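Structure at a glance
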Amino acid sequence: MLLPFREHLDFGPTPYDLLLQKEGIPIVRGNVVNDVTTLELGKWERMGVLGCYLNLSNQQRTDAYVVEIPPSSQTLPQRHLFEEIVYVAKGRGATSVWQDEKSKVIFEWGPGAIFAIPLNSTYIHFNGSGSEPIRLFVGTTCPAMINIFHNEDFIFRNPFNFHDRFHEGDEFLRYNKHVTERYWETNLVPDVNHFPLDDFPMKGKGVKHMRYTLADTTYGCHVSEFPPGCRSTFHRHGPGAVIIITQGEGHVVLWKDGEERQRHGFKVGTVYSPDDLMWHGHFNTGKGNMRHFAMRGDSPKYSHDRFRNPAWTMIPMADEDPAIQREYVEILKKNGVEAAVQVVED
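This write-up is about the structure you can find in this document. Position labels on residues start from 1 in each chain and follow its written sequence. pLDDT decides what is reported in this predicted model: residues at 70 or higher carry local features, side-chain atom pairs at 80 or more are listed and counted, and totals for whole chains, interfaces and linings draw on all residues regardless. Excluding hydrogens and water, the side-chain figures rest on all heavy atoms present in the structure.

**Things to note about the side chain of Thr122**
The test is simple: In this description a helix means any DSSP run of H or I spanning at least four residues, a strand means any run of E spanning at least two, and both kinds are numbered starting from the N terminus. Residue burial is assigned from relative accessible area. The probe radius is 1.4 Å, only protein chains are included, and a residue is buried under 20% of its type maximum, exposed over 50%, and partly exposed in between. Between two residues, a contact is recorded if the distance between any of their heavy atoms is within 4.5 Å.
Positionally, Thr122 belongs in strand S10 (residues 122–126). On the accessibility criterion, Thr122 (12% relative accessible area) is buried. In contact with Thr122, not counting residues within four places along its chain, are Pro77, Gln78, Arg79, Ser96, Val97 and Trp98.

Below, the structure is given as structure tokens:
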């Protein structure tokens, strides 16, 4: 028996809702953002640059935000007791991160880089270009932490240093560990589109995958690559997953039990986030590989659920509406994709 999606209950403003009101920047809601590099932003006093929140999928486990750093500018120093994972959507710059002045680390990054801020460390992002702005797309665990402690001083002005999570000096960039198949520990991935992923044959021919623990965070993330003519089965899980397309093109299909299916095209820079227990499937419709970067769940190092999704979270192809596959095949033909269609169990 497939469980229905859970009803959303609203008991009034949460501590996180009240924080958003104070921040005073635009808030994007829904499930899909067409392109994070073109979102309308507002002046963000706390960060000292332009920004907006992405409160997608009607949940408060995780959130995301976009910041734009003007040429030859920088953010204000930040420090907080929630985890952040950064994806560089546009531009080149650098980040300085420290727990005390003697342990300061500075590293550079460019388009496609991902990195995490060690928990409760102080950091500044810099734009060294004199002509081009930078846009960063950042996933965080802020909603969960604010709602648990409901005390902004504790979250934003906590002096405790997590020395066990911080690699000082050159060790910050030297730390790279291929722990096992499809799992890597590091602090910085220079480019998710050129980072070598491991084969994932049980998911299909040519499918590649890598899970990361970044800066010893408990916040999970991974990169998946789908070859031409490849799609996933429909699957669902709890709230909080946020996915950005880093390479290629295609579409995602979303729906809840008893509701109409929604098909949304995606390209590089598109973000989507399924609601709690919302069925969704990823489809590569282009002639090249498609990669996405997803932030969801726990990092491999600290996950207590190391098993595959239970059967009730996936729809076998035999039980799927045949119209979905027929439509996909027609789109591939229209796009001139001659690859054999294969389906990935997700």
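**Topic: helix H2 (residues 142–149)**
For the record, the criterion: Regarding the arc, it is the one traced by the directions from the helix axis to the C-beta atoms.
Every buried residue of H2 is accounted for by Cys142, Pro143 and Ile146. Projection of H2 onto a plane perpendicular to its axis shows the buried side chains occupying an angular sector of 95°, all on one side. Residues of H2 that are buried sit in contact with helix H1 (15–23), strand S5 (63–69), strand S11 (134–140) and helix H3 (152–156). Directly beyond the C-terminal end of H2, a positive phi value near 35° is found at His150.

**Topic: a nonpolar patch on the surface**
What counts here: Patches in this entry comprise residues that are over 30% relatively accessible and not in a salt bridge; like charges within 9 Å are linked, as are nonpolar side chains (Val, Leu, Ile, Met, Phe, Trp, Tyr) within 5 Å. All accessible-area figures derive from a Shrake-Rupley calculation using a 1.4 Å probe, and residue coverage is judged against the displayed protein chains alone. In the sections that follow, a salt bridge refers to a side-chain nitrogen of Lys or Arg positioned within 4 Å of a carboxyl oxygen of Asp or Glu.
There is a patch of nonpolar side chains on the surface, built from Ile148, Phe149 and Phe154 and spanning about 270 Å² of accessible area. Within the secondary structure layout, Ile148 lies in helix H2.

**Overview of the pattern of salt bridges**
With the rule as written, the count across this model stands at 17 salt bridges. Residues Glu83 and Arg165 are paired through a salt bridge, measuring 3.1 Å at the closest nitrogen-oxygen approach. Of this pair, Glu83 sits in the loop between S5 and strand S6 (84–90) while Arg165 sits in the loop between H3 and helix H4 (171–174), and the two are 82 residues apart along the sequence. Exposure remark for Glu83: the relative accessible area of 5% places this residue in the buried category. A salt bridge links Asp275 to Lys256; its shortest N-O distance comes to 3.1 Å. With Asp275 in the loop between strand S23 (271–272) and strand S24 (279–284) and Lys256 in the loop between strand S21 (250–255) and strand S22 (262–266), the pair connects residues that are 19 residues apart, well separated along the chain. Lys256 shares its class with Asp275; the two are buried.

**Considering unusual backbone geometry**
Positive phi, close to 60°, is recorded for Arg182, a residue that is not glycine. Note that Arg182 resides in the loop between strand S12 (176–180) and strand S13 (183–186). Its identity is not glycine, yet Leu277 carries a phi of approximately 55°, on the positive side. Relative to the elements of secondary structure, Leu277 occurs in the loop between S23 and S24.

**A closer look at the packing of H1 against H2**
What counts is decided by this rule: Comment: axis = line fitted to C-alpha atoms, over the contacting stretch for helices; angle = value between 0 and 180 degrees taken between N-to-C directions. Here the angle decides the label: under 35 degrees means roughly parallel, over 145 means roughly antiparallel, 65 to 115 means roughly perpendicular, and every other value means oblique. In this count, Pro and Cys sit with the nonpolar residues alongside Ala, Val, Leu, Ile, Met, Phe, Trp and Tyr, while Asp, Glu, Lys and Arg are called charged and the others, Gly among them, polar.
Running from N to C, H1 and H2 cross one another at 115°; their axes reach a closest spacing of 8 Å. Judged on the interaxial angle alone, H2 and H1 are roughly perpendicular. Only Cys142, Pro143, Ile146 and Asn147 of H2 make contact with H1, whose side of the interface consists of Pro15, Tyr16 and Leu19. Of the residues assigned to the contact of H1 with H2, the class counts are six nonpolar, one polar and no charged.

**Quick look at the packing of aromatic side chains**
This is how the line gets drawn: Stacked, tilted and edge-to-face are the three classes applied to pairs of Phe, Tyr and Trp rings, where Trp contributes its six-membered ring and a pair requires centres within 6.5 Å; stacked means planes under 30 degrees apart, edge-to-face means over 60, and tilted covers the rest. Throughout this description, the term charge over a ring refers to an Arg CZ or Lys NZ atom that lies within 6 Å of the ring centre and within 35 degrees of the ring normal.
With the rule as written, the count across this model stands at 18 aromatic pairs. For the pair Phe234 and Phe283, a centre-to-centre distance of 5.9 Å together with 55° between the ring planes defines the contact as tilted. Of this pair, Phe234 sits in strand S19 (residues 234–235) while Phe283 is found in strand S24, placing the two residues 49 residues apart along the sequence. There is no split in this pair, since Phe234 and Phe283 are both buried. Through a chain of ring-to-ring contacts, three or more aromatic side chains come together here, namely Phe107, Trp109, Phe115, Phe166 and Phe172. Sitting over the face of the ring of Phe200, Arg182 holds its NZ or CZ atom 3.9 Å from the ring centroid.

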